[in-house]
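# Chain and residue survey
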Amino acid sequence: MIRRNFLTDADAAQKYIDGVRRLKDPAQFPWPGQDGLSIYDSFVFWHHQSMMLMTPPTQSDRNAAHSGPSFLPWHRYFLITLEGLLRQAVDDIEFRIPYWDWNADAELPEPVTSPIWSNANLGQFAGSDWRVRLEMSLRTGDLRRTDRTLQRALGDAGRLPTRTGVRMVIRDQAAYDTSPFSSSSPGGVRNLLEGWIGNERIHNSVHVWVGGDMSLSSSPNDPVFFLHHCNVDRIWAAWQERHPDSPYLPDMSAPDTLQFHRVDDALYSIYEDTVTPGDMVDYRRYYEYDTVSDLTELQT
Ligand SMILES: [Cu+2]
């Protein structure tokens, strides 16, 4: 039950590709009640809806899954949910989502030449047989039906974070999050890793670097979304290993304005489930990473 590196584990990579193609097929995995849409498309909707739910509604920064403490546990849960469906799709109870180690690609002279973008790997999803069916309208911000190919603009903007930068965040941030628990939080691993502050803008800059559909609230349309977030989750796991006594924050003494983000609040879901940030802390009940030592090694 190990999550492995997409580029060094051909079996995990191929199963991921096969699995998302099956989940994307409305004939094999229909989204009940949604004509012509698949279970995969429901993850696009779920992610978009989380970004539309401002928490609280009196501001426009923190939403139910971003710019706040639940960013990490919400996406951990989002991946665990897809992972369970992928296991069904590829009929392998041991399958776990692989991660994209973009720190390695950042060291290439031309990161766009990384084999992850070859047609045998993720390049194939920019072809005509992978259809984007739900997209965020740039004019209204709403989600709407469409039928088009996936868009990317690799390397046009942003940059891939360096391993040194990620290691420094893991080493230096002893707190999970800090007040005001938003994109304005001056420190804490969550805001550094999400990328609203700091030199590397870690998670955000990868979305920008891939570009196209990855820049929208409908970003799970690109299968690289889950490989990217798997690596973000691996960094959180490395931080947890490095700071075992640092708790998830905030706890339930925080005000109602932090609903969806406190440790025992239900994470936002389009399904009838009640998983909390606290439930997501011990990820080893679901999977382990093959390694985090590339992220926790001391600086020389
Ligand atoms: Cu997200």
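Before reading on, note that the structure itself is shown above.
To keep things clear, this report deals only with the structure shown in the data block.

Moving on to the overall build of the protein. For the protein, the helix and strand inventory stands at ten helices and four strands. In terms of its C-alpha atoms, the protein occupies a principal-axis envelope of roughly 45 × 45 × 40 Å. Burial analysis of the protein (300 residues in total) assigns 57% to the buried set. When contacts within the protein are restricted to residue pairs at least 6 apart in sequence, those whose partners lie at least 24 apart make up 66%. Here the protein has roughly 12,500 Å² of accessible surface; of this, 50% comes from carbon and sulfur atoms. The protein carries 28 positive and 41 negative side-chain charges, and their two centres are separated by 2 Å.

Turning our attention to unusual backbone geometry. Note that the residue after Thr 55, namely Pro 56, is joined by a cis bond; omega there is 0 degrees. Note on placement: Pro 56 falls in the loop between α2 (39-52) and α3 (71-90). Following Leu 249, the chain continues into Pro 250 via a peptide bond in cis, with omega recorded as 0 degrees. Here Pro 250 lies in the loop between α8 (224-242) and α9 (277-281). A positive phi is found at Ser 67, a non-glycine position, where the angle reads about 55 degrees. Tracing the backbone shows Ser 67 in the loop between α2 and α3. The backbone of Asp 91 sits at a positive phi, close to 55 degrees, despite the residue not being glycine.

All right, on to the environment of Glu 107 then. Mapping Glu 107 onto the fold places it in the loop between α4 (102-106) and β2 (131-136). Distance in space between the C-alpha atoms of Glu 107 and Asn 221 is 27 Å, their sequence separation being 114 residues.

Below, the discussion takes up the pairing of β2. Taking burial as the measure, the six residues of β2 include five buried ones, the bulk of the element. Here five bridges tie β2 to strand β3 (residues 143-149), and the two strands are oriented antiparallel to one another. Bridging from a neighbouring strand, Leu 134 pairs with Arg 145 of β3. Connecting β2 to the next strand, β3, in antiparallel fashion are six residues, including Gly 141 with a positive phi near 80 degrees.

With that settled, the discussion passes to the packing of aromatic side chains. By the definition in use, this model includes 25 aromatic pairs. Taking the centre distance of 5.1 Å and the plane angle of 75 degrees together, the rings of Trp 46 and Phe 78 count as edge-to-face. Taken together, the residues Trp 46 in helix α2 and Phe 78 in helix α3 connect sequence positions 32 residues apart. Accessibility assignment for this pair places Trp 46 and Phe 78 in one class, buried. The interplanar angle of 50 degrees and the centroid separation of 6.0 Å between the aromatic rings of Tyr 176 and Trp 236 together place this pair among those described as tilted. Here Tyr 176, found in the loop between α5 (163-172) and α6 (189-194), pairs with Trp 236, found in helix α8; they are 60 residues apart in sequence, far enough to count as distant. An identical accessibility class is assigned to Tyr 176 and Trp 236; each is buried.

Turning next to the coordination of the copper ion. Only His 47 (NE2), His 66 (NE2) and His 75 (NE2) from the protein reach the copper ion as donors, at distances of 2.1 Å. Sequence positions of the donors to the copper ion reduce to the motif H-x18-H-x8-H. For His 66, a relative accessible area of 5% gives the class buried.

This part is about the nonpolar core. Counting residues in hydrophobic clusters, the biggest one holds 74 residues, and the most contacted among them are Tyr 16, Ile 97, Trp 100, Trp 102 and Phe 226. Setting aside its immediate chain neighbours within four residues, Trp 100 contacts Asp 105, Ile 116, Trp 117, Leu 160, Val 206, Trp 209, Val 210, Val 224, Leu 227, His 228 and Asn 231.

Glancing now at the packing of α3 against α8. Between α3 and α8, the least distance of the axes is 10 Å, while the angle of their chain directions is 125 degrees. The orientation of α3 relative to α8 falls into the category oblique. Remark: the crossing between α3 and α8 carries left-handed chirality. Facing α3, whose interface residues are Phe 71, Leu 72, Pro 73, His 75, Arg 76, Phe 78, Leu 79 and Leu 82, α8 presents Phe 225, Phe 226, His 229, Cys 230, Val 232, Asp 233, Trp 236, Ala 237 and Gln 240. Residues belonging to the contact of α3 with α8 are distributed by class as follows: twelve nonpolar, three polar and two charged.

Quick notes on the rules
- Residues numbered from 1 in each chain as written.
- Predicted model: local features only at pLDDT ≥ 70, side-chain atom pairs only at ≥ 80, totals over all residues.
- Heavy atoms only, no water.
- Helix = DSSP H or I, 4+ residues; strand = E, 2+ residues; numbered from the N terminus.
- Buried < 20%, exposed > 50% of the residue type's maximum accessible area, 1.4 Å probe, protein only.
- Contact = heavy atoms within 4.5 Å.
- Areas by Shrake-Rupley, 256 points an atom, 1.4 Å probe, with all protein chains shown as cover.
- Lys, Arg positive; Asp, Glu negative; His and termini not counted.
- Charge placed at Lys NZ, Arg CZ, Asp CG, Glu CD.
- Pairing = 2+ DSSP bridges.
- Phe/Tyr/Trp six-rings, centres within 6.5 Å; stacked < 30°, edge-to-face > 60°.
- Donors = N, O, S within 2.8 Å, 3.2 Å for Na, K, Ca; no water.
- Core = buried A, V, L, I, M, F, W, Y, C linked by side-chain atoms within 4.5 Å.
- Axes fitted to C-alpha atoms, helices over the stretch in contact; angles between N-to-C directions.
- Parallel < 35°, antiparallel > 145°, perpendicular 65-115°, else oblique.
- Left-handed = near helix turned anticlockwise from the far one by under 90°.
- Nonpolar A, V, L, I, M, F, W, Y, C, P; charged D, E, K, R; others polar.

Note that every value here comes from positions in space, so none of it alone points to a role or purpose.
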